Amino acid sequence: MLLRHTTKEVKEREGLTINPAKTCQPIGAMYAALGVHGCLPHSHGSQGCCAYHRSTLTRHYKEPVMSATSSFTEGASVFGGQANLLQAIDTIFSVYDPDVIAVHSTCLSETIGDDLQQITKKALDDGKIPEGKRVIYASTPSFVGSHVTGYANMLAGIAEQFAKSTGEKKDQINIVAGWMEPSDMREIKRIAKEMGVRIVLFPDTSDVLDAPQTGKHEFYPKGGTTIEALESTGDSKSSIALGCMSGEPGAIALDKKCKVPFQTEDIPIGLSATDRFIMSLSKAAGVEVPDEITAERGRLVDVMTDMEQYLYGKKVALFGDPDQLIPLTEFVLDLNMKPTHIVSGTPGQRFEKRMKEILKDAPYANFKNGLGADMFLMHQWIKNEPVDLLIGNTYGKYIARDEDIPFVRFGFPILDRIGHSYFPNVGYSGALRLVEKILGVFLDRQDRDAPEEKFELVM
Amino acid sequence: MEKIGILEGRQRQIYEKKGEETAFDITCETTSLSGSVSQRACVFCGSRVVLYPVADALHVVHGPIGCAAYTWDIRGAVSSGPELHRLSFSTDLKEMDVIYGGEKKLYLSLLELIERYQPKAAFIYSTCIIGLIGDDIDAVCKKVSQEKGIPVLPVHSEGFKGTKKDGYKAACDSLMKLVGTGSTEGIGKYSINILGEFNLAGEAWIIRSYYEQMGIEVVSTMTGDGRVDDIRRSHGASLNIVQCSGSMVRLAKQMEEKYSIPCLRVSYFGIEDMSKALYDVARHFSDNPAIMEAAKKLVSREVGKLYPQLQQFRRELAGKKVAIYVGGAFKAFSLIKALASVDMKVVLAGSQTGNKDDYNSLKEMCDEGTVIVDDSNPVELSKFVLEKEADLLIGGVKERPIAYKLGIGFCDHNHERKIPLAGFEGMYNFIREVYNSVMSPVWQFAPRKGGLSS
Ligand code: SF4
Ligand code: SF4
């Protein structure tokens, strides 16, 4: 089998990554930018990066993903990419006619030192940006951070470059979405509506990357946060950022520019994190939690109690992005399971700090992020201490198969299944779906492995 | 769609066949215009694609993490043995490495990996950033090679230094360093190498078995279920069979120069081209008539099986229109012929990497009214699909959802396919896939072709 080469013995490695549990910044920036209405992401670098990022997002969403590229050649990498970007802005507005171009850098343009701020300013001064149109940018060098960092950087760029304060406060709350799926963003909007809270959610990839079949290829689908809504974020009462690494930088940028106070919550995955999100939202907006939301919670708790006999003590290995792993690990504990190995490729001290808090009563848990935290390490850990369940993105399937472990797909990217863009993981209903999925793989496994005489109708 | 026209500066990369007066040479082999939504990839991508199937070699991407992450098991190039090629190794360059250079990191990584995996050889890909910071990967490779006693081959594939095609060249240059380093003892006279066949979904196995049935020895399949030792002795073969327009021609030419091994260019798609690929080889070995006998027998057996099956599909597919947008133009030729065998009509033929000759051939092959494009983008593709009322789009990963959004069928003829499309059984698979996609009942629920027809 594919990973039979994995050895049990764990050794420190010197800066070598085997089977990465992360990818690079620009793809995150591209994803965040797609959550702005009428926006065409633009990759400032050579064609290859852009092609890879588009392919991966296309595979994850099964949707056309558009992004332009500066198409660097040798010349650009010697003389700088300013001419390419200026030409690109020209081409894009005249041919693709977006409302917004969201430029992100790549390793290459970062290394040659292209200054996106200065180049976009020049484009503006040269009259290359038509009236009412916008060009925003974010610096996303891949030799720092990961795709999560790129998402956060673009989000901060969106906040900083759009928000305006008119001095008149609006009765609305900003929700700065950490990395989540279109389905999750839709669910956040539904919850807010249910609670009667006016929100501005950004970015918002619902109705962009889960667009209906219409017989047409819409270059700019109807979803995405509009320029108008983005501008109004500066006048909102406050912001709630979801996710300390992917969401918070956007809220900080808003606070800096327009003095919109913010608080940061975990992405509402699982019971406890959703509780905290609902309470924050209710407090920030000064509204009561409506009965329907309480009932949703009740249904989740009901299932958790009904099913606890199948869950307790089960060992779980999790990998993925920090802002998702934090609440997910907490939920695993709430379900009385044992988070045993946790790996995130994305570096960051916030992750370590939060993990330590969450895992204070679970001293058995291994966790690692950043340097050396890759799928190879995860596999080695599992070999040393086997688990009952693996949760993570598509790349986990190799380990799951090699070690014969039930596997629940969660996170980014998921290239070989659908559902992530249509059914939410956040909120109480998202948590319910997670429980269903976890139970499904456990019980399927039990059915599969049961000896003839123990194979039963009722579980 | 009304608003969006053809990209300025791209007019000469698009040609619509309308009698003689509009004839002009398609501009090609250029880099895409800055600001276009190009479907193209980079040099690194080209090298990785070609070398990927060498299954018992180590493939290490020297650069920041993304380049390696995106090429982790990205293609279903299957192996009958080792699967080292499907893992992802990266030096994961960080800011400090970019400033101070990543040579040491590469060196240490290589030692560690060679120790752990005992590979037969190692390919070290340099990505854009390496080209900029100027790591001397040649020196590192040489040093590791001396210390570890295996070939450690640099692949100069900095993304910005050209197009995917330049990546093919870089890959060929690396392979060429392996060729000729093994013993050719025991290789017979009727022997070939199969080049440019990537063994997606096991296609190389099909092709290999055809040749073996003809009594021909296959020394190396190089780029499909490839093995280092086979490549090292591949200069002992009498003939190189090269599939696909671009990727391996250079290697074949180099082997011709250095080892006087002639080469034949073939395609394995469609009845006509597949049969020709077998006959051409048999003709080359005309001093052994048994080979031609065997080829004839094989072809008649396979075609006999296939023909009645195709007739059934033809009844419904005849007259349906197809848009083709693939990597290499050579593949487009085969597809046009293959589709003609069920009377389907090609209305758009495009490629990412065609050259002038390719496009001239395309012009000759296609009917009046067919649009021929180089390095297209999604806007143009949608535009032509709707204008020409295509029923099917043949393309790769980024084209699939576009086809479905437009409410038309799709067939992947790139590297995402899970079924073999080469050879005679591949032809059956291909047409069956086309049939099922075009005729799927799902289309009755969808507004087809932008609402143009139901
Ligand atoms: S960095 Fe260069 S080599 Fe890597 S994917 Fe991008 S264009 Fe290709
Ligand atoms: S890591 Fe850098 S060079 Fe590689 S794909 Fe990502 S942005 Fe491009």
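First things first, this report covers the structure right here in the doc.

Rules and cut-offs
Residues numbered from 1 in each chain as written. Chains lettered and ligands numbered in written order. Predicted model: local features only at pLDDT ≥ 70, side-chain atom pairs only at ≥ 80, totals over all residues. Heavy atoms only, no water. 1 Å grid on protein atoms, 1.4 Å probe; cavity = no way out; pocket = protein on both sides within 12 Å on 5 of 7 lines; lining within 4 Å. Points joined across faces, edges and corners; volume = space filled by probe spheres on them. Helix = DSSP H or I, 4+ residues; strand = E, 2+ residues; numbered from the N terminus. Nonpolar A, V, L, I, M, F, W, Y, C, P; charged D, E, K, R; others polar. Contact = heavy atoms within 4.5 Å. Buried area = accessible area lost by both parts, 1.4 Å probe. Salt bridge = Lys/Arg side-chain N within 4 Å of Asp/Glu carboxyl O. Polar contact = N/O pair within 3.5 Å; in protein donor to acceptor, adjacent residues only side chain to side chain. Pairing = 2+ DSSP bridges. Near = heavy atom within 4 Å. Expected span 1.5 Å × (residues − 1). Bend = angle between axes of the 7 residues up to and from the residue. Buried < 20%, exposed > 50% of the residue type's maximum accessible area, 1.4 Å probe, protein only.

1. With respect to empty space enclosed by the protein
Step number 1: Taken as a whole, this structure holds eight cavities of 30 Å³ or more when the rule is applied.
Step number 2: By volume, the largest cavity amounts to about 360 Å³.
Step number 3: Every residue lining the largest cavity is counted, 25 residues in all, and those nearest its centre are B:Arg75, B:Phe198, B:Cys244, B:Lys331 and B:Asn414.
Step number 4: Elements with a contribution of two residues or more to the lining of the largest cavity: helix 7 (164-178) and helix 13 (329-340) of chain B.
Step number 5: Its residues placed into classes, the lining of the largest cavity shows eight nonpolar, 11 polar and six charged.
Step number 6: Estimated volume of the second largest cavity: approximately 280 Å³.
Step number 7: Along its surface, the second largest cavity is lined by 23 residues, and A:Ser55, B:Lys164, B:Val397, B:Lys398 and B:His415 are the ones closest to its centre.
Step number 8: The set of elements that each furnish at least two residues to the lining of the second largest cavity consists of helix 2 (47-61) of chain A together with helix 1 (43-51) and strand 10 (321-326) of chain B.
Step number 9: Here the element with the most residues in the lining of the second largest cavity is helix 2 of chain A; it accounts for four residues.

2. What about the interface of chain B and chain A?
When the parts come together, some accessible area is lost, and that loss is often what is quoted as the size of the interface.
Step number 1: Listed per partner, the contact involves 78 residues of chain B and 73 residues of chain A.
Step number 2: Between chain B and chain A the total buried area reaches about 6,400 Å² when both faces are included, carbon and sulfur atoms providing 61% of it.
Step number 3: The tally of links from chain B across to chain A stands at two salt bridges.
Step number 4: Close ionic contact of B:Asp92 with A:Lys22 constitutes a salt bridge, the shortest N to O distance being 3.3 Å.
Step number 5: On the surface where chain B and chain A come into contact, there are 21 residue pairs in polar contact (both at pLDDT 80 or more).
Step number 6: Taken together, the elements giving at least two residues each to the side of chain B that touches chain A come down to helix 1, helix 2 (65-70), strand 3 (89-90), helix 3 (95-100), helix 4 (103-117), helix 5 (128-133), helix 15 (378-387) and helix 16 (400-405) of chain B.
Step number 7: Among the elements that make up the side of chain B that touches chain A, the one with the highest residue count is helix 4 of chain B (seven residues).
Step number 8: Class assignment of the residues belonging to the side of chain B that touches chain A gives a composition of 40 nonpolar, 21 polar and 17 charged.
Step number 9: Summarising the sheet, strand 1 (residues 17-18) of chain A and strand 3 of chain B pair through two bridges and their orientation is antiparallel. Counted as the bridge partner of A:Thr17 is B:Ser90 from strand 3 of chain B.

3. Things to note about the site of ligand 2
Step number 1: With respect to spatial proximity, the complete set of residues near ligand 2 consists of A:Cys24, A:Pro26, A:Cys49, A:His53, A:Thr106, A:Cys107, A:Ser142, B:Pro64, B:Gly66, B:Cys67 and B:Tyr70.
Step number 2: Chains contributing residues to the immediate surroundings of ligand 2 are chains A and B.
Step number 3: Counting residues per element, the ones that place at least two in the shell around ligand 2 are helix 2 of chain A together with helix 2 of chain B.
Step number 4: The greatest single-element share of the shell around ligand 2, amounting to three residues, is contributed by helix 2 of chain B.
Step number 5: For the shell around ligand 2, the residue count by class is seven nonpolar, four polar and no charged.

4. Regarding unusual backbone geometry
Step number 1: Look at the link from A:Phe202 to A:Pro203: it is a cis peptide, with omega at -10°.
Step number 2: In this structure, A:Pro203 sits in the loop between strand 7 (199-202) and helix 9 (227-232).
Step number 3: In the segment running from A:Phe412 into A:Pro413, the intervening peptide bond is cis, with an omega of -5°.
Step number 4: Among the structural elements, A:Pro413 can be located in the loop between strand 14 (407-409) and helix 17 (427-449).
Step number 5: Positive phi, close to 60°, is recorded for B:Asn199, a residue that is not glycine.
Step number 6: Structurally, B:Asn199 can be placed in the loop between strand 6 (191-195) and helix 8 (203-213).

5. Regarding the site of ligand 1
Step number 1: Taken together, A:Ser46, A:Gly48, A:Cys49, A:Tyr52, B:Cys42, B:Phe44, B:Cys67, B:Thr127, B:Cys128 and B:Gly159 make up the full set of residues adjacent to ligand 1.
Step number 2: What surrounds ligand 1 is not a single chain but chains A and B.
Step number 3: Sorting elements by how many residues they give to the shell around ligand 1 places helix 2 of chain A first, with three residues.
Step number 4: Of the residues contributing to the shell around ligand 1, the split by class is six nonpolar, four polar and no charged.

6. Focus: helix 12 (residues 289-317) of chain B
Residue and element names in this part refer to chain B.
Step number 1: In a regular helix each residue adds 1.5 Å, so 29 residues correspond to 42 Å; helix 12 covers 39 Å between its end C-alpha atoms and thus fits that length.
Step number 2: Tyr307 marks the point of greatest bend in helix 12, at about 30°, and the proline Pro308 comes within the next four residues.
Step number 3: Three or more residues of helix 12 are buried, namely Ile291, Met292, Ala295, Leu298, Val299, Glu302, Leu306, Leu310, Gln311, Phe313 and Leu317.
Step number 4: Check the buried side of helix 12 and you find it contacts helix 8, helix 11 (271-284) and helix 17 (423-438).

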